[in-house]
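Structure assessment
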Amino acid sequence: MDTNSHRITAQIPYEYHNLPIPGGGYVTGFLFSKKEKNVLYARTDIGGTYRFDYEKKTWVSLISHVTMEDLSETYPIAIALDEDRPGSLYIACGENRPGAGVLAVSKDYGGSFRYEKIPALIHGNLNGRGTGERLFVEGSEIFFASQRDGLLHSTDDGHTWTKLSAMEEQYLTFVTRVRGVLVVGTAGVSTADRSGEVAMRGHCLYASCDNGQSFLKMPVPANRAVPGCRFHGLAAQRWAADDRFLYVTFASTGRNSYVLEEGYSCDSGDNIDGHIVRYALDELAGIRENGAGEFGIAMQEITPGSVSPAGGIGQEHIEKGAMLEYGFSGISVSGQTPGMLVATTIVKYDGDSVFLSLDYGATWKQILYDLAEGEMVFRAPYMRPECNGGHCLIHWLSDFRINPFDDNEGWFNSGTGVFRTVNLKDEICRFTDWCDGIEETVHLNVYSCPAGQTQVIDIVGDLGGFAFEDIDTPCGNSFADAQGNRYITCINADFSDLYPERLVVTPRGNWTGKTFGGLILSKDQGKTFERLALPYGLTKDLDEAFRRLETPNVNSGWVAMSPDAGHIVWSVAEGIDLPVERVIVSHDAGRTFSLVRVFDLQGKQKTTGHFKCFSDRMDSSLFYGFGGASDFYISHDSGQTFRQYALPEDFPEIEFGLIDCANKTEVRGETGKRGVFYMAVGKAGIWKLCYDADADSVRLTKLTQDSVTAYRLGLGLIAPGADYARDPKAIYFNGIVDGSYGFYRSFDDCATYERINTQQQMFGEINSIDGDCRTFGRFYLATGSNGLKYGQQV
């Protein structure tokens with residue numbers, strides 16, 4: 001095969017838009033410029049950094065240029081500004097590679113970047129993402145408080161770095177300079193005391209008067225062992241400073257934490273023993289060592305009192321020795337009104353709260369708590385209380401920022417987007433979700449529907465799934481039960497091309513316990529769902545898997561449905577794996593199930609390995625299975641038994657049996673054809689599999705040239721007015737052609753290609769692609785960084 005010929009025949013202009021969710025993911029922090037009006041940034045866990053356009057009242061993504069070849073910028077852990085250089089923006093980000101963090105530096109508000117290496121492990125979706133800020137920039141000097149690699153220092157604008165060995169703690173949370181004093185927050189992990197009956201965090205707040213050459217401890221609330229907790233002690237969360245005080249928030253890992261040492265922010269799932277303290281800046285500027293390895297500065301406890309179930313709050317400070325059943329995180333001060341500050345709880349057991357003080361924290365007023373205090377106005381339909389068990393969905397409220405030029409404007413984050421108020425100082429404060437432009441959910445699969453009202457089925461992490469009837473309008477709700485309780489993180493879906501209103505989906509049960517995992521079935525193309533009963537009694541292993549599915553946030557697996565909608569094959573998951581011994585089948589549309597038997601080339605029943613199921617798009621007697629090492633199976637009895645078929649020796653060994661973000665392939669059955677599949681398998685390109693049922697033979701053809709990489713693919717309408725079922729298909733894919741990564745389409749099974757994006761139309765990680773079945777020139781991108789997008793030929 002000719003690997004050198006240039007086969008890109010045209011550059012086709014395309015426009016890209018989001019199918020609006022909006023929001024949906026964890027926005028980890030904000031940053032206002034203190035010197036320039038209307039400059040506001042937000043960082044996210046997996047969706048990069050955004051800038052707010054005040055004129056258009058929308059967020060603008062700063063990662064449209066990011067490709068799958070380097071996703072570092074999609075995972076920011078910290079952002080900073082140099083206030084003396086308008087337009088400057090610094091972003092610390094990375095892909096979780098030891099010693100290979102990235103510093104992205106912009107001089108034009110994020111319009112373009114240069115890149116430097118940070119010798120530290122960085123990832124915006126790892127533990128500690130809710131704390132900060134970890135970057136401090138002043139002129140050419142930069143400090144970076146890393147997640148696991150200590151305190152780093154640069155004096156040449158990030159070109160070179162030095163690790164400051166005087167800071168013994170490696171797990172840091174923030175760094176800043178106040179009145180000439182360097183202040184560093186820590187999680188106290190590497191300095192923890194594990195010698196006693198309980199593991200206790202090390203000290204969590206330090207200061208340096210010599211620019212990091214030496215550090216002394218600042219006074220903090222006392223660490224204490226909490227009954228029921230498995231790791232104890234406080235971690236410093238965030239800081240703020242006004243004209244009189246430095247404020248710091250604290251939290252400890254809670255009893256129900258699913259992360260221990262590094263479970264010091266929202267990542268623990270449970271915080272406890274929250275505190276807010278303040279330090280007088282006049283004392284900070286003149287502090288000296290007190291002879292005990294500590295700075296001689298007073299700490300003042302200003303923690304709000306306990307929250308009552310009715311939403312009220314006492315004005316007194318917490319009583320001595322009392323412990324709150326939640327942590328504190330967000331803290332922000334006014335740039336206009338002396339003494340005004342706002343603080344937030346973090347991972348509070350019954351919903352996070354927001355507090356306002358007008359006297360430097362001496363007294364507090366609770367201004368937001370669930371639906372009982374303050375006012376919430378939800379613009380995104382899926383955020384409404386009726387879609388969330390009758391409660392406010394706010395959680396992981398780790399940051400709050402007051403506009404330094406407008407006391408009435410405030411922003412807070414959550415695990416589901418961002419919220420804004422423009423009447424912060426009023427008696428009743430009103431908050432509204434304001435995620436316009438923020439699309440940072442992880443979309444796992446996308447399906448264009450060949451007929452019916454629904455245009456697109458969107459399978460998405462956290463939020464579950466959406467059935468779009470209008471691709472430019474948010475859906476009324478994500479996939480939910482009859483009471484409106486949402487399912488979360490669906491893995492895949494399948495529907496009948498003959499009866500497209502029949503849809504089966506693999507969701508997780510939500511965190512409230514009001515929905516459960518398994519299979520959900522729709523008879524109206526995703527408008528409503530019924531959950532299929534779990535078929536206990538098949539094997540002990542499956543019974544245990546089904547019990548776990550009836551707990552929150554457990555992967556259900558992968559499902560396939562026959563064209564007549566009567567047969568369903570389900571590969572029940574174990575985490576991200578699809579074990580071959582957990583495949584079951586229903587021949588009555590999901591009412592009952594039985595075990596599937598899978599046989600290898602020697603006729604021996606398989607009991608180990610992976611198995612991902614697919615249906616034939618035309619023949620209800622045929623199902624297919626793809627395994628963990630390019631093993632391939634076919635069923636002729638509607639999924640009851642599968643037998644392995646040998647594939648050609650030149651077909652590479654590919655892992656097909658993984659799900660969620662671990663799935664690195666894409667397999668598409670061709671509508672209107674029996675036994676035809678297209679496969680994108682990374683560096684090995686695109687292959688076409690054809691099964692001739694009459695001859696009982698399999699033919700595999702490599703469509704792409706040896707130099708072509710293909711990560712994901714979908715099939716679309718080949719020409720205006722074409723018949724999607726009868727005519728050949730256009731292939732849409734992302735990958736590398738002629739050495740250039742991009743999005744491509746082909747109308748001749750990859751003999752030639754047309755490029756359909758520019759360098760500013762990359763959108764980060766791509767998890768799935770599908771072409772539109774009804775509109776020529778349109779295709780869909782399920783991104784892991786930038787929402788669900790559609791591209792349309794201009």
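Residues numbered from 1 in each chain as written. Predicted model: local features only at pLDDT ≥ 70, side-chain atom pairs only at ≥ 80, totals over all residues. Heavy atoms only, no water.

A closer look at the overall build of the chain
Within the chain, the secondary structure is distributed over 2 helices and 58 strands. In terms of overall dimensions, the chain has a C-alpha envelope of 90 × 60 × 50 Å along the principal axes. A burial count over the chain gives 63% of its 794 residues as buried. Of the contacts made within the chain by residues no fewer than 6 positions apart, 56% connect residues no fewer than 24 positions apart. In the structure as shown, the chain presents an accessible area of about 27,400 Å², 49% of it carried by carbon and sulfur atoms. Taking the average place of the 72 positive charges on the side chains of the chain and the average place of its 103 negative ones, the gap between the two points comes to 0 Å. (Helix = DSSP H or I, 4+ residues; strand = E, 2+ residues; numbered from the N terminus. Buried < 20%, exposed > 50% of the residue type's maximum accessible area, 1.4 Å probe, protein only. Contact = heavy atoms within 4.5 Å. Areas by Shrake-Rupley, 256 points an atom, 1.4 Å probe, with all protein chains shown as cover. Lys, Arg positive; Asp, Glu negative; His and termini not counted. Charge placed at Lys NZ, Arg CZ, Asp CG, Glu CD.)

Re the confidence of the model for the chain
Across the chain, the average pLDDT comes to 93, with 96% of residues at or above 70. Across residues 307-317, where pLDDT falls below 50, the model places 37 contacts with residues more than four positions away in sequence or in other chains. (pLDDT = per-residue confidence, 0-100.)

Re the pattern of salt bridges
Taken as a whole and judged by the stated rule, the model has 47 salt bridges. Linking Arg745 and Glu754 is a salt bridge whose minimum nitrogen-to-oxygen distance equals 2.7 Å. Three or more residues are tied together by salt bridges with common partners; here these are Asp541, Glu544, Arg547, Arg548, Glu574 and Arg582. (Salt bridge = Lys/Arg side-chain N within 4 Å of Asp/Glu carboxyl O.)

Notes on the nonpolar core
With 57 residues, the main nonpolar core has Ile457, Ile459, Phe479, Val505 and Met679 as its most contacted residues. In contact with Ile459, other than residues within four places in its own chain, are His443, Leu444, Asn445, Tyr447, Gly464, Phe479, Cys490, Ile491, Asn492, Ala493 and Val505. Counting residues in hydrophobic clusters, the runner-up holds 50 residues, among them Tyr54, Phe378, Leu397 and Phe431. (Core = buried A, V, L, I, M, F, W, Y, C linked by side-chain atoms within 4.5 Å.)

Some thoughts on the sheet that holds strand β16 (residues 181-186)
The strand order β15-β16-β17-β18 describes an open sheet built from 4 strands, whose pairing is antiparallel. For this open sheet the edge positions go to β15 (172-178) and β18 (216-217), each flanked by a neighbour on one side alone. As defined by bridge partners, strand β17 (residues 205-208) adjoins β18 across 2 bridges and the pair is classed as antiparallel. Each residue of the ladder has a partner; that of Ala207, found in β18, is Leu216. (Pairing = 2+ DSSP bridges.)

A few points about the side chain of Thr186
Among the secondary structure elements, Thr186 is positioned in strand β16. What makes Thr186 buried here is its relative accessible area of 0%. One polar contact links the side chain of Thr186 to the main-chain amide nitrogen of Gly188, over a distance of 3.1 Å. Residues in contact with Thr186, not counting those within four places in the same chain, are Glu169, Tyr171, Leu172, Thr173, His203, Cys204, Tyr206, Ala235 and Ala236. (Polar contact = N/O pair within 3.5 Å; in protein donor to acceptor, adjacent residues only side chain to side chain.)

Some details on the environment of Leu424
Note on placement: Leu424 falls in the loop between β30 (417-421) and β31 (430-433). It is 40 Å that separates the C-alpha atoms of Leu424 and Tyr780, two residues lying 356 residues apart in sequence.

Quick word on a nonpolar patch on the surface
Together, Leu498, Tyr499 and Met618 make up an exposed nonpolar region whose accessible area comes to about 290 Å². What makes Met618 partly exposed here is its relative accessible area of 37%. (Patch = residues over 30% accessible without salt bridge, like charges linked within 9 Å, V, L, I, M, F, W, Y side chains within 5 Å.)

Here's the deal with the pairing of strand β11 (residues 135-138)
The pairing of β11 with strand β12 (residues 141-145) spans 4 bridges and is classified as antiparallel. Within β12, the position partnered with Leu135 by the bridge is Phe144. Linkage of β11 to β12, two consecutive antiparallel strands, is achieved through a turn of 2 residues, within which Gly139 is found at a positive phi near 65°.

Points about helix α2 (residues 540-549)
Those residues of α2 that sit buried are Leu542, Asp543, Ala545, Phe546 and Leu549. The buried residues of α2 all sit within an arc of 160° when viewed along its axis, so they share a single face. Residues of α2 that are buried in the fold lie against β40 (568-572), β41 (583-586) and β42 (594-595). (Arc of directions from axis to C-beta.)

Regarding the environment of His203
Along the chain, His203 turns up in the loop between β16 and β17. Excluding anything up to four places from it in sequence, His203 contacts Thr186, Gly188, Thr191, Lys217, Met218 and Val220. For His203, the side chain forms a polar contact with the main-chain oxygen of Leu205, separated by 3.1 Å.

Description of the sheet that holds strand β44 (residues 612-615)
Spatial strand order, β43-β47-β46-β45-β44: 5 strands in an open sheet with mixed pairing. Of all strands in the sheet, those with a lone pairing partner are β43 (597-599) and β44, marking the two edges. This sheet shows a mean twist of 25° between the axes of neighbouring strands, independent of strand direction. Where β43 lies against strand β47 (residues 641-645), 3 bridges are found, and the strand directions are parallel. Pairing of Arg597 across the sheet is with Thr641, part of β47. (Axes fitted to C-alpha atoms, helices over the stretch in contact; angles between N-to-C directions.)

Some words on unusual backbone geometry
Geometrically, the link from Ile21 to Pro22 is a cis peptide bond, its omega value of -20° lying close to zero. Mapped onto the elements of the fold, Pro22 is located in the loop between β2 (14-18) and β3 (27-32). The omega torsion of the bond from Gly132 to Glu133 falls at 10°, within 30 degrees of zero and hence cis. Position of Glu133 relative to the elements: it lies in the loop between β10 (114-118) and β11. In this structure, Gln525 takes a positive phi of about 65° despite not being glycine. Within the element layout of this structure, Gln525 appears in the loop between β37 (520-522) and β38 (530-531). Although it is not a glycine, Asn553 adopts a positive phi angle of roughly 65°.

Considering the state of the cysteines
Inspection of every chain in the model, using the stated rule, returns 0 disulfides. Sulfur of Cys392: no disulfide; nearest cysteine sulfur belongs to Cys435 and is 12 Å away. Accessibility expressed as a relative area gives 11% for Cys392, which makes it buried. The thiol of Cys690 is not disulfide-bonded; the next cysteine sulfur, from Cys750, is found 13 Å away. Assessed through its relative accessible area of 14%, Cys690 is described here as buried. (Disulfide = S-S within 2.5 Å.)

Focus: the packing of aromatic side chains
Evaluated as defined, the whole model comprises 50 aromatic pairs. A centroid spacing of 5.9 Å and a plane angle of 70° characterise the contact between Tyr14 and Phe779, whose relative ring orientation is edge-to-face. With a gap of 765 residues between them, Tyr14 in strand β2 and Phe779 in strand β57 (residues 778-783) connect regions that are remote in the sequence. The pair formed by Tyr14 and Phe779 is uniform in burial state, with each residue classed as buried. Where Tyr16 meets Phe779, the ring centres are 6.0 Å apart and the plane angle is 85°; that geometry is what we call edge-to-face. (Phe/Tyr/Trp six-rings, centres within 6.5 Å; stacked < 30°, edge-to-face > 60°.)

Here's the deal with the environment of Gly742
Along the chain, Gly742 turns up in strand β54 (residues 740-746). For Gly742, a relative accessible area of 0% corresponds to the buried category. In this structure the C-alpha to C-alpha distance between Gly742 and Met762, which are 20 residues apart in sequence, comes to 6.9 Å. Ignoring anything within four residues of it in the chain, the contact list for Gly742 reads Phe733, Asn734, Gly735, Arg755 and Asn757.

A short note on the side chain of His567
Looking at where His567 falls in the secondary structure, it is placed in the loop between β39 (557-561) and β40. Reaching out from His567, the side chain makes a polar contact with the side chain of His587 at a distance of 3.0 Å. Look past the residues within four positions of His567 in its chain and what remains in contact with it is Ala560, Met561, Ser562, Ser586, His587, Ser620, Phe623 and Ser638.

With respect to the pairing of β47
With 4 of 5 residues buried, β47 lies mostly within the body of the structure. What sits between the antiparallel neighbours strand β46 (residues 632-635) and β47 is a turn of 5 residues, in which Ser638 has the positive phi angle 60°.

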